[in-house]
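Overview (structure and organization)
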Number of protein chains: 2
Amino acid sequence: MPSLSVLGITKQSHRRLTPFSFPSRDFNTYFYTQKLDHFNYRAESQATFQQKYVINSKFWGGANSSAPIFVYLGANAPLDDQIRRIGFMTDNAPQFNALLVYIEHRFYGQSTPFGSSEEAYQNDRTLDYLNLSQTLEDYAEVILDIKKNLSANNSTPVIVIGGSYGGVLATLFRLRYPYIALGALASSAPILYLDGLKPQLQDGYFSIVSKDFREASESCYNTIQQSWSEIDKIASQEDGLSVLSRRFNTCTPLENSSWLKDALKLVYAAAAQYDAPQINQAVNLICTAIDRATNGTDVLDKVIAAMFAFFSKYPGPHEYCDEMHQWAWNWQICTEILIPTGISGTDTMFQAEPFNLTSYKETCKGLYDLRLMPEPFWITSQFGGQQQDVKLVLGRFGSNIIFSNGLRDPFSAGGVLESLSDSLVALPTAKGSHCLDIYAALPNDPDWLIVQRRSELKIISQWIAQYHMDRAANISYI
Amino acid sequence: MPSLSVLGITKQSHRRLTPFSFPSRDFNTYFYTQKLDHFNYRAESQATFQQKYVINSKFWGGANSSAPIFVYLGANAPLDDQIRRIGFMTDNAPQFNALLVYIEHRFYGQSTPFGSSEEAYQNDRTLDYLNLSQTLEDYAEVILDIKKNLSANNSTPVIVIGGSYGGVLATLFRLRYPYIALGALASSAPILYLDGLKPQLQDGYFSIVSKDFREASESCYNTIQQSWSEIDKIASQEDGLSVLSRRFNTCTPLENSSWLKDALKLVYAAAAQYDAPQINQAVNLICTAIDRATNGTDVLDKVIAAMFAFFSKYPGPHEYCDEMHQWAWNWQICTEILIPTGISGTDTMFQAEPFNLTSYKETCKGLYDLRLMPEPFWITSQFGGQQQDVKLVLGRFGSNIIFSNGLRDPFSAGGVLESLSDSLVALPTAKGSHCLDIYAALPNDPDWLIVQRRSELKIISQWIAQYHMDRAANISYI
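An unreviewed UniProt entry lists chain A under the name Lysosomal Pro-X carboxypeptidase-like isoform X1, with Nelumbo nucifera given as the organism.

Put into structure tokens, the structure is as follows:
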């Protein structure tokens, strides 16, 4: 299938390129008996599944201490992998005496209903229960249940935290359940992409990828730009696809050149998205390999050298070798999470390939027997039909959300980069990449990242302080 | 069945006791092909139904004029009847150059899916599509469709208006779809009742009914208070139920005294709820009949005289004669709209009959094969689990809602009577009753009602002015 979305498809790269730590004994795993269907009341809809969540209470001040609960809202991946990476939670729990909670997203990891992934991903009848409304309500119920078990009442505020798609969830959760979550930290959440049928926005993602490479090396950028027609040229020759398969060492023989080009595109995208000076130098690594290739080496050899360098340094399944049966995520991007990315202009290092809604829908139709697409999109009816509406509407509605972004992250093209109001605050960094702020602090973190995290913590502290002041003001209503 | 809720059961009284006008030719009826199920994407869920809406464009300034759309969100009744009563819309459209839109609630009137009421109300499989999430999304889609048809963009703000349960819908709609509705006028919306398992709140409704009667006449109050044991006494005698049936002229012979007492209670409740000096004097009418009854007449004769006076003046099907197959509403109050009203104390004119959740659930279980009840209640997760949370949470979240109430309305016990923030404004009147402000203005309206309506219009004007200022401020986002 053609790649429907850059979001999610770079999961393998995410694993390779981001820091993680092994969980300690302070993390305890639980399962909540969750309703499969929150929005039907008939007896028939009583099916449940086991939803996984993890609690770390090492730092918690207790239900009577007015200390908060930090809740990480799991995104489209198994929870354990995310827990190891979201160092922001453990790093900052001590200063808040916070309880740490991590909740797995339905249909991912061990929170898959119907007994097994095979059953759950089987068809549109089972996947139908995988949608945002159900997912948000899952989180609401788990949080309320945990608070009940801990005898925590409204003196225990909840802050929800999420990154990327999880940041979208955190944003929506605060807007929809203000009573449950006092505030949200939404890291690298491309919420404006969800509107997104504007060409300008659609081009944003790969424009930033190109910019990142161009800043690293003009000649590298040029080489990559030239490589596409070179691939096309060889592919059009007799036996050309075999040549390409052999030279790129693909797992299975190529059937067309698009497949190879998509795979390369995703490697460049992942390198740009997760590039971070103190963790990896993914863009530099690729560009150095390209630029240092022996004089006289042809364009393709340079690109192949770059791939070799990249996958030697960051081993793991290749984008273009891994089957990745990511049926759950594909269902989501075919129904609710449309992130339109294309390349309509000629000012990138990629070949033009404008986003095409019709072929997108056709691809989805080929995958699932579904009603395509929800119109108006469920998400945009929450945020506004056009980008400027986000400011117009949320500028005077809602509160307590931090939108953090790094401008070198291609997804920042769909991020909220200007504050919408006093308490809907944007915290962009010029040099940051995807979700950097919610990963663990490292000794060699650059100053701008330290400052960004410090700002986030200060804002969250203010939310909590104001909340307790409001409560103490003895607000008795009726 | 026992009466589950006072809300809705007084629909007949509503018809009798409130002013209405016949619709003019300016009202045009349309039908929108609505999705039966907004939250499933599988092909199977493609069923639709025809949702009725009515437009009056006589006063509209047009899509380019920045004039607003007033949208009346239909409540639990056929739309036509509501259109005739919501005079606030037509009264005030000229001054705003507003387009008037009225949308019928799914499963009521002509907006019943499955072809007929019989089919639609058949069982839990069909009624399952009757819930708040679906209803709110219906309204969102109809409004967006109307705007699209009129080529109206974000220069045309939308104000949603609703009364009673419809006021709850208007509140939820503004909170959930801030992009679609700039603001909401929620008249007599008992949103705090939806939390409501607190005895203090549960008693509110009938406490206010009693207070209204006591203020009208202490002796009337005493007579009613004495009548219940008198009914019990006769009922316990041999052939007593026949005596009661004959004296009260019931449609069918009474099988127990509770049924008669419930019916009387609902007449008193309706009289108090809709009592309005310039329209009817329902409470006075009843009390005058009771107090003027000949000296020596027994307590029951006095009550019977009052019923005779009431139903002579306001004819129509009696509460205790009409079958009222209100299956749709019963489904709603058995699943999502729990309005717990009971009488636990002895300081009312009624016999003690505390609200009993267990028997409430049993009654519902007898009616439908459903999963009882949603826990935590869907609605309270929007507003907060406890009453004081409404202020704590919405005090710093959300904007542009007017909560209007009349304190003589028994439902004001569950109304928002204090402003939650600068733009979540309470407008209570000491002498008002249920939804008085959204009915048509009358020549003999009391000053306090004129002032209340004027305040509402001023606030709505301010919302609209501020919105256009924000737009004009040339907010360009991204």
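Examining the sheet that holds strand S6 (residues 183-187) of chain B
All names here are of chain B. The eight strands lie next to each other as S1-S2-S4-S3-S5-S6-S7-S8, forming an open sheet whose pairing is mixed. With one partner strand each, in any of the chains shown, strand S1 (27-35) and strand S8 (424-429) form the two edges of the open sheet. If you compare each strand with its neighbour and ignore which way they point, the axes differ by 20° on average. Sheet topology note: the strand S5 (residues 158-163)/S6 ladder contains five bridges and is parallel. If you follow Ile-159 over to S6, its bridge partner there is Gly-183. Lying over the sheet, helix H3 (residues 87-96) contacts S1, strand S2 (48-56), strand S3 (69-73), strand S4 (99-103), S5 and S6, oriented at roughly 150° with respect to S4.

Quick look at the packing of aromatic side chains
The geometry of an aromatic ring pair is captured by the separation of the ring centres together with the interplanar angle, meaning the angle of the planes. Using the criterion set out here, one finds 36 aromatic pairs over all chains in the structure. Both rings, one in Phe206(B) and one in Phe350(B), keep their centres 5.1 Å apart while their planes meet at 75°; by these two values the pair is edge-to-face. Taken as a pair, Phe206(B) in helix H9 (residues 204-216) and Phe350(B) in the loop between helix H15 (327-335) and helix H16 (357-367) lie far apart in primary sequence, 144 residues in all. Grouping residues by exposure puts Phe206(B) and Phe350(B) together as buried. Ring pairs connect the aromatic residues Tyr193(A), Tyr205(A), Phe206(A), Phe213(A), Trp228(A), Tyr268(A), Phe350(A) and Phe411(A), which therefore count as one cluster. One residue, Lys265(A), lies across the ring of Phe206(A), its end atom 5.0 Å from the ring centre.

Let's talk about the packing of H9(B) against helix H13 (residues 282-292) of chain B
Residue and element names in this part refer to chain B. Two elements in contact, H9 and H13, have axes separated by 9 Å at closest approach and are oriented at 60°. It follows from the interaxial angle that H9 and H13 lie oblique. Here H9 runs over H13; the crossing is right-handed. Contact residues: H9 offers Asp-212, Phe-213 and Ala-216, while H13 offers Val-283, Asn-284, Ile-286 and Cys-287. Of the residues in the contact of H9 with H13, the class split is five nonpolar, one polar and one charged.

Here we look at the sheet that holds strand S1 (residues 27-35) of chain A
Residues and elements named next belong to chain A. Taken in spatial order, the eight strands line up as S1-S2-S4-S3-S5-S6-S7-S8 in an open sheet, and their pairing is mixed. At either margin of the open sheet sits one strand with a lone partner, and together these are S1 and strand S8 (424-429). The mean angle between the axes of side-by-side strands here comes to 20°, regardless of whether they run parallel or antiparallel. Direction of pairing for S1 relative to strand S2 (residues 48-56): antiparallel, over a ladder of nine bridges. Paired with Lys-35 across the strands is Thr-48, a residue of S2. Contacting strand S3 (69-73), strand S5 (158-163), strand S6 (183-187) and strand S7 (401-406), helix H7 (residues 165-176) crosses the sheet at an angle of about 150° to S5.

A word on the pattern of salt bridges
Residues and elements named next belong to chain A. In the structure shown here, the tally under the stated rule is 33 salt bridges over all chains. Salt-bridge contacts for Lys-261 lead to Asp-232; the nearest nitrogen and oxygen are separated by 2.7 Å. Here Lys-261, found in helix H12 (residues 257-274), pairs with Asp-232, found in helix H10 (residues 218-236); they are 29 residues apart in sequence, far enough to count as distant. We note a salt bridge from Asp-445 to Arg-453, for which the minimum N-O separation is 3.0 Å. In this pair, the class of Asp-445 matches that of Arg-453, namely buried. The network of salt bridges with shared partners includes Asp-212, Asp-275 and Arg-408.

Reading the values: the criteria
- Residues numbered from 1 in each chain as written.
- Chains lettered and ligands numbered in written order.
- Predicted model: local features only at pLDDT ≥ 70, side-chain atom pairs only at ≥ 80, totals over all residues.
- Heavy atoms only, no water.
- Pairing = 2+ DSSP bridges.
- Helix = DSSP H or I, 4+ residues; strand = E, 2+ residues; numbered from the N terminus.
- Axes fitted to C-alpha atoms, helices over the stretch in contact; angles between N-to-C directions.
- Contact = heavy atoms within 4.5 Å.
- Phe/Tyr/Trp six-rings, centres within 6.5 Å; stacked < 30°, edge-to-face > 60°.
- Buried < 20%, exposed > 50% of the residue type's maximum accessible area, 1.4 Å probe, protein only.
- Lys NZ or Arg CZ within 6 Å of the ring centre and 35° of its normal.
- Parallel < 35°, antiparallel > 145°, perpendicular 65-115°, else oblique.
- Left-handed = near helix turned anticlockwise from the far one by under 90°.
- Nonpolar A, V, L, I, M, F, W, Y, C, P; charged D, E, K, R; others polar.
- Salt bridge = Lys/Arg side-chain N within 4 Å of Asp/Glu carboxyl O.

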